[in-house]
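# Structural description and commentary
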Amino acid sequence: TRYWRDWSSDVCSSDLVLCPIAEEAEGPHDSAAGDAQEQLEAELRQHGLEVLVAEDNPVNQLVARSFLQKSGCSITIASDGRQAVEAVSAGKAFDVVLMDIDMPVLDGLAATKEIRALGGRCADLPILAMTANVVPEDRAACFEAGMNGWLGKPFDRASIARALVDIARDRR
């Protein structure tokens with residue numbers, strides 16, 4: 001069974017059957033939430049993940065690069081889906097792919113399908129959608145393309161850190 005996780009809403013599912021995830025402290029002004037976020041980011045730094053960010057928007061690339069590098073991740077940027085497929089097929093051992101859906105040349109759904117078709121380690125490589133498309137049909141399309149989860153845009157540090165730490169823990 002392939003699990004699907006929506007880090008922007010604290011729910012998970014197996015084959016799109018939703019199940020609740022333990023709730024976290026509420027607001028960003030809550031000191032317990034701030035402490036939890038700091039602990040999460042500290043754990044993320046310990047993992048030193050290799051992250052491929054497939055994103056065509058230069059501002060989003062900059063935001064992702066800035067946060068991920070500060071979090072101890074090594075970053076490769078692909079500006080379209082074709083570059084993402086080429087980066088993965090080149091043999092670099094990525095721990096996770098953060099995949100925009102709407103990109104030129106090859107969109108994120110098609111790129112994910114091509115990555116999955118490579119087989120081997122690419123069959124299990126975590127690929128997370130990064131998109132502002134929030135309707136259930138879009139989420140279902142991401143799942144059917146082979147993605148493992150969802151990060152809503154605009155994304156925030158907490159969602160990205162939680163997603164990457166969960167992936168790092170699962171890959172141990």
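Only a predicted model underlies this, so the values are computations on that prediction, with no experimental measurement involved.

### Looking at the overall build of the chain
Looking only at helices and strands, the chain has six helices and eight strands in total. For the chain, the N- to C-terminal ordering of α and β elements is β-β-β-α-β-α-β-α-β-α-β-α-β-α. By residue count, 45% of the 172 residues in the chain fall in the buried class. Sequence-distant contacts in the chain: of pairs separated by 6 or more residues, those separated by 24 or more amount to 65%. When the accessible area of the chain is evaluated, it comes to approximately 8600 Å², of which 51% is carbon and sulfur surface.

### Some remarks on the nonpolar core
Counting 23 residues, the largest nonpolar core has Leu44, Val51, Val53, Leu68, Cys73, Leu98 and Leu164 as its most contacted members. Among the elements of the structure, helix H1 (31-47), strand S4 (50-54), helix H2 (58-70), strand S6 (96-100), strand S7 (127-131) and helix H6 (157-170) are those that each provide at least two residues to this core. Per element, the largest residue contribution to this core is seven residues, and it comes from H6. In contact with Leu44, other than residues within four places in its own chain, are Leu49, Phe67, Ser71, Cys73, Ala161, Leu164 and Val165. Ranked by size, the runner-up nonpolar core spans 22 residues in total, among them Ala87, Phe94, Leu106 and Leu125.

### What about H6?
Look at H6: 20 Å from first C-alpha to last across 14 residues, which is about the 20 Å you get at 1.5 Å a residue. Inspection of H6 places Ser159, Ile160, Ala161, Arg162, Ala163, Leu164, Val165, Asp166, Ile167 and Ala168 among the buried residues, and these make up the whole buried set.

### Things to note about the pairing of S7
One face of the sheet, then the other: side chains in a regular strand alternate in exactly this way. In terms of burial, S7 is largely enclosed, as five of its five residues are buried. Burial along S7 is two-sided: Ile127, Ala129 and Thr131 facing one way and Leu128 and Met130 facing the other are all buried. Judged from the four bridges that link them, S6 and S7 form a sheet pairing that is parallel. By the bridge assignment, Asp100 is partnered in S7 with Met130. Here S7 runs beside strand S8 (residues 149-152); their pairing, made up of four bridges, is parallel. The residue bridging Leu128 from the neighbouring strand is Gly149, located in S8. After leaving S7, the chain enters helix H5 (residues 136-145) and then returns to the sheet as S8, a path that is right-handed.

Calculation notes
- Residues numbered from 1 in each chain as written.
- Predicted model: local features only at pLDDT ≥ 70, side-chain atom pairs only at ≥ 80, totals over all residues.
- Heavy atoms only, no water.
- Helix = DSSP H or I, 4+ residues; strand = E, 2+ residues; numbered from the N terminus.
- Buried < 20%, exposed > 50% of the residue type's maximum accessible area, 1.4 Å probe, protein only.
- Contact = heavy atoms within 4.5 Å.
- Areas by Shrake-Rupley, 256 points an atom, 1.4 Å probe, with all protein chains shown as cover.
- Core = buried A, V, L, I, M, F, W, Y, C linked by side-chain atoms within 4.5 Å.
- Expected span 1.5 Å × (residues − 1).
- Pairing = 2+ DSSP bridges.
- Right-handed = clockwise from strand over helix to strand, strands pointing away.

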